Amino acid sequence: MEVTLLGTGDTTGTPTVGCDCDTCTEARERGVERTRFSVHVRNERTDESLLVDASPDFRYQFLREGVDLPDEILITHIHFDHLDGLGNAYRLLSDVSVHAADETDPETGESVRGTIDRKYDYLDAVTPVSQSPFEPFEAAGLEVTLVPVDHPPLVCYGARIEDPDTGGVLSLSGDTSYGIPEESRRLLSDPDLLLADGIVPAHLCEYHPLGGRHEREDGVPRTFGTKHMTFEGARDLAADLDAADHRIVHLSHFPPAEESFQEDMAVDGERYEL
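All of these numbers come straight from a predicted model, not from anything done at the bench.

Visitor: Would you take a moment to explain the side chain of Thr145 for this structure?
Guide: Tracing the sequence through the fold places Thr145 in strand E8 (residues 142-148). Not counting chain neighbours up to four residues away, the residues in contact with Thr145 comprise Phe134, Glu135, Pro136, Gly158, Ala159, Arg160 and Leu187.

Here is the structure:
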């Protein structure tokens, strides 16, 4: 399968609109972007594609990368930077299955699937499909499993995507703290490529009102506040899961420029063959 990173940034992206910080400035100078999160997975055997999360930058991402429109879509959670690109289904897609978890979120009183059904009931092209966490299902000829992660206060899911023919595995941490449940870790383990949420380096936890969590033995926090991993947490997760390769995604523009473009930090447009 061919994996294209359409969007590798957080909720504002990098460069951020109206920002002239060193990181946004260097991104412009390098000619790179981190738009809102989205991943395109093409099944080369069946010539089908699966879109993981529908970024608000949907139109721009697809035009820029020249990838095929998705045959099916997977939504990990209901934050706008992962969901609101579904509106692009209008006049572009036809009867596209949108897979999402069926667990009721105590915070919202509905499941991710239910939120999609409610928000996009006006789009005939969108067909929400309920999926249960830990239960594999087929999408675009690939085997997909949703796994709960830790992104309070909302439910959120990571995913394991496997090509049943070649055995290639892509794991996505989803938006999460380092506190991913053990059963989820087991299913995410041993990927050829892990896309791990990492928003800032650990030293910036001092600026978060809640500080950091999930400290290593040396005291370095692996979670920034409660919702996202630090760079250190993302790298530790890759080691924990025995990932053959990893890329840090969902990056913000807050880290200093000299820490924002390290080798394992993704930028938009990267492609991988698994």
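Resuming the write-up.
Visitor: Help me understand the sheet that holds strand E1 (residues 2-7), please; the structure alone is not making it clear to me.
Guide: Strand pairing within a sheet occurs via backbone hydrogen bonds; the two strands may be parallel or antiparallel. Strand order in the open sheet formed by 7 strands is E6-E5-E4-E3-E2-E1-E16, and the pairing between neighbours is mixed. Taken across any chain shown, the strands that pair with only one partner, and hence form the sheet edges, are strand E6 (126-131) and strand E16 (271-273). Mean inter-strand twist for the sheet, computed between neighbouring axes without regard to direction, equals 25°. Direction of pairing for E1 relative to E16: antiparallel, over a ladder of 3 bridges. If you follow Thr4 over to E16, its bridge partner there is Arg271.

Visitor: Explain the sheet that holds strand E9 (residues 157-162) here, please?
Guide: Pairing is mixed across the open sheet formed by 6 strands, whose spatial order is E7-E8-E9-E10-E11-E15. A strand with exactly one partner marks an edge of an open sheet, and here the two such strands are strand E7 (137-139) and strand E15 (246-249). Between one strand and the next, the sheet's axes are offset by a mean angle of 25°, whatever the strand orientation. Both E9 and strand E10 (residues 169-172) contribute to a ladder of 4 bridges, which runs antiparallel.

Visitor: I keep staring at the pairing of strand E13 (residues 221-224) and nothing clicks. Help me out?
Guide: Consecutive side chains of a regular strand alternate in pointing toward one face of the sheet and then the other. Note: strand E12 (residues 212-215) against E13, 3 bridges, orientation antiparallel. From the neighbouring strand, Arg213 faces E13, where its bridge partner is Thr223. Between the antiparallel neighbours E12 and E13 lie 5 residues, among them Gly219 with a positive phi of about 90°. Across 2 bridges, E13 lies against strand E14 (residues 228-229) in antiparallel orientation. Within E14, the position partnered with Phe224 by the bridge is His228. Taking the residues that link successive antiparallel strands as the turn, the E13-E14 hairpin has 3 residues, and the phi of Gly225 there is positive, at about 65°.

Visitor: Please clarify how unusual backbone geometry should be interpreted in this entry.
Guide: For the bond from Thr14 to Pro15, the omega torsion is 0°, close enough to zero to count as cis. Residue placement: Pro15 occurs in the loop between E1 and helix H1 (22-30). The phi angle at Arg91 is positive, at roughly 65°, despite the residue not being glycine. Looking at the element boundaries, Arg91 is found in the loop between helix H3 (80-83) and strand E5 (96-101). Residue His250 is not a glycine yet carries a positive backbone phi of 60°. Within the secondary structure, His250 is located in the loop between E15 and E16. The class for His250 is buried, based on a relative accessible area of 4%.

Visitor: How do you make sense of the nonpolar core when you look at a structure like this?
Guide: A general trend in soluble globular proteins is that nonpolar side chains are found buried together. One finds Val39, Val41, Leu50, Ile116, Ile161, Leu170 and Leu172 to be the most contacted residues of the largest nonpolar core, which totals 49 residues. When residues in this core are grouped by element, the largest group, 4 residues, is from E5. Look past the residues within four positions of Ile161 in its chain and what remains in contact with it is Met1, Val41, Leu50, Val52, Leu142, Glu143, Val144, Gly168, Val169, Leu170 and Leu172. Among the nonpolar cores identified, the runner-up in size contains 18 residues, and Leu187, Leu188, Phe231 and Ala234 belong to it.

Cut-offs applied
- Residues numbered from 1 in each chain as written.
- Predicted model: local features only at pLDDT ≥ 70, side-chain atom pairs only at ≥ 80, totals over all residues.
- Heavy atoms only, no water.
- Helix = DSSP H or I, 4+ residues; strand = E, 2+ residues; numbered from the N terminus.
- Contact = heavy atoms within 4.5 Å.
- Pairing = 2+ DSSP bridges.
- Axes fitted to C-alpha atoms, helices over the stretch in contact; angles between N-to-C directions.
- Buried < 20%, exposed > 50% of the residue type's maximum accessible area, 1.4 Å probe, protein only.
- Core = buried A, V, L, I, M, F, W, Y, C linked by side-chain atoms within 4.5 Å.

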